[in-house]
Structures are given as structure tokens and as C-alpha cells.
Amino acid sequence: MIDALAEAKKAYACGEIPIGAIVEKDGTIVGRGYNLTETLQDPTAHAELIAIREAAKALGGWRLLGCNLYVTCEPCAMCAGAIVWSRMKKVFIGAMDPKGGACGSVFNIIQEEKLNHFVEMETGVMETECSSLLKDFFKNLRRRGSRWDKQKNSGLTK
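None of these values were measured; they are calculated from a predicted model.

1. With respect to the UniProt feature "domain: CMP/dCMP-type deaminase" (unreviewed entry) in the chain
When the UniProt feature table is mapped onto this chain, "domain: CMP/dCMP-type deaminase" (unreviewed entry) is found at residues 1–106. Its end C-alpha atoms 23 Å apart, residues 1–106 is made of 36% helix and 25% strand.

Structure follows, in C-alpha cells:
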């Protein structure tokens, strides 16, 4: 989770919601990602998807059997779906997302019995650090006022 948190700090530094993810297989990091939704103007540029894409490329296939995902904030429904379809073994989650999380908070897509793959899950991994980073980001954002307009004007996004 330390490496996922480092990715989240990269997102924070460029004005993105600070969520980071890494994919690990057999103790080696095979994929890294951090949120780039605003920077790329891409609604799919979530940390988890970027890390999953990088891992699939590194491993030469979309089935990430035996891989684990470490993510600083509970994945949304889109990312949870990608986690299931990529056949991830286990997901380690830092902070939960009570408003949009799809790994237990609002939904539990990764452990839905009707789907073709079940993903193990562990929550609360470095929860304080992951949660603090998110809280600090949103506190600073509220202080500055309008969310993305001010960031665009300050050159934090393209």
C-alpha cells in the first residue's frame, strides 16, 4: 500500500483526486496508476484502470490471474467491474467510499455471486494515511472554491 499511496500523492500534486493503485504479482509490481481523469479529460482514467492496463501489458494478457490490487480508496462500480473481469486474485483497500464504493460500501461487485469470478478483499490497509490524503485534498479544494475551474485557471489541468 505504500507504493499505491505514493501514486496517490502524484495525483494530488497535479490537482487530481488523490487515489493511487498498484498491481502486484509474486511480490513484483507489474502495474501502477493514479487518477488522471481531469488531466486527460477521460472518465475512465481512474487509478485502478490505469494500473490494470499497465499490468496486462506487462504480463502479455488481460487475465491477471494471481495478481493483487492495492488501492488507496474503495473502487467505483466501473473499476470493480474491471477488477472482476481481469480475474484479480485479491484487492487491498485503504479508505472506504460510503458514497460511491463498489467493494462493500454501496455495492459489492467484486464478490457478487452472480458474476463469473470472486475476488478476495481486505479493507482498512493504511486506512488513516489513505483517508487523510483524501480529506486534505478536499479540504484544500473547498478552501479554494470552485473545484475544476480554478485548477484549469492555475494550470493544474490541461
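What follows picks up the thread again.
2. Quick look at the confidence of the model for the chain
Detail in the predicted coordinates should be disregarded across regions flagged by low pLDDT. With 92% of its residues at a pLDDT of 70 or more, the chain has an overall mean of 93. Confidence drops under a pLDDT of 50 for residues 153–158, and excluding neighbours within four residues, the segment shows nine contacts in the predicted structure.

3. Here we look at the pattern of salt bridges
Tallied over the entire structure, the rule returns three salt bridges. Put simply, R32 and E7 hold a salt bridge, and the shortest N to O gap is 3.5 Å. Here R32, found in strand β2 (residues 28–34), pairs with E7, found in helix α1 (residues 2–13); they are 25 residues apart in sequence, far enough to count as distant. We classify R32 as partly exposed; its relative accessible area is 32%. One network of salt bridges, in which partners are shared, links E7, K10 and R32.

4. So, the sheet that holds β2
Strand pairing in a sheet relies on backbone hydrogen bonds. The paired strands run either parallel or antiparallel. The strand order across the open sheet built from five strands is β2-β1-β3-β4-β5, with neighbouring strands paired in mixed fashion. Bordering the open sheet on either side are β2 and β5 (120–123), each of which pairs with just one other strand. Direction aside, the axes of adjacent strands within the sheet are offset by 15° on average. Where strand β4 (residues 90–95) meets β5, four bridges bridge the pair, whose relative direction is parallel. Bridging across to β5, K90 finds its partner in E120. Helix α3 (residues 47–59) contacts β1 (20–25), β2 and β3 (67–73) of the sheet and is inclined by roughly 145° relative to β2.

5. Let's talk about the UniProt feature "active site" (unreviewed entry) in the chain
UniProt annotation of "active site" (unreviewed entry) refers to E48 when read in the numbering used here. Along the chain, E48 falls in helix α3.

Thresholds applied
- Residues numbered from 1 in each chain as written.
- Predicted model: local features only at pLDDT ≥ 70, side-chain atom pairs only at ≥ 80, totals over all residues.
- Heavy atoms only, no water.
- UniProt positions renumbered as here; feature names shortened; annotations may be inferred.
- Helix = DSSP H or I, 4+ residues; strand = E, 2+ residues; numbered from the N terminus.
- pLDDT = per-residue confidence, 0-100.
- Contact = heavy atoms within 4.5 Å.
- Salt bridge = Lys/Arg side-chain N within 4 Å of Asp/Glu carboxyl O.
- Buried < 20%, exposed > 50% of the residue type's maximum accessible area, 1.4 Å probe, protein only.
- Pairing = 2+ DSSP bridges.
- Axes fitted to C-alpha atoms, helices over the stretch in contact; angles between N-to-C directions.

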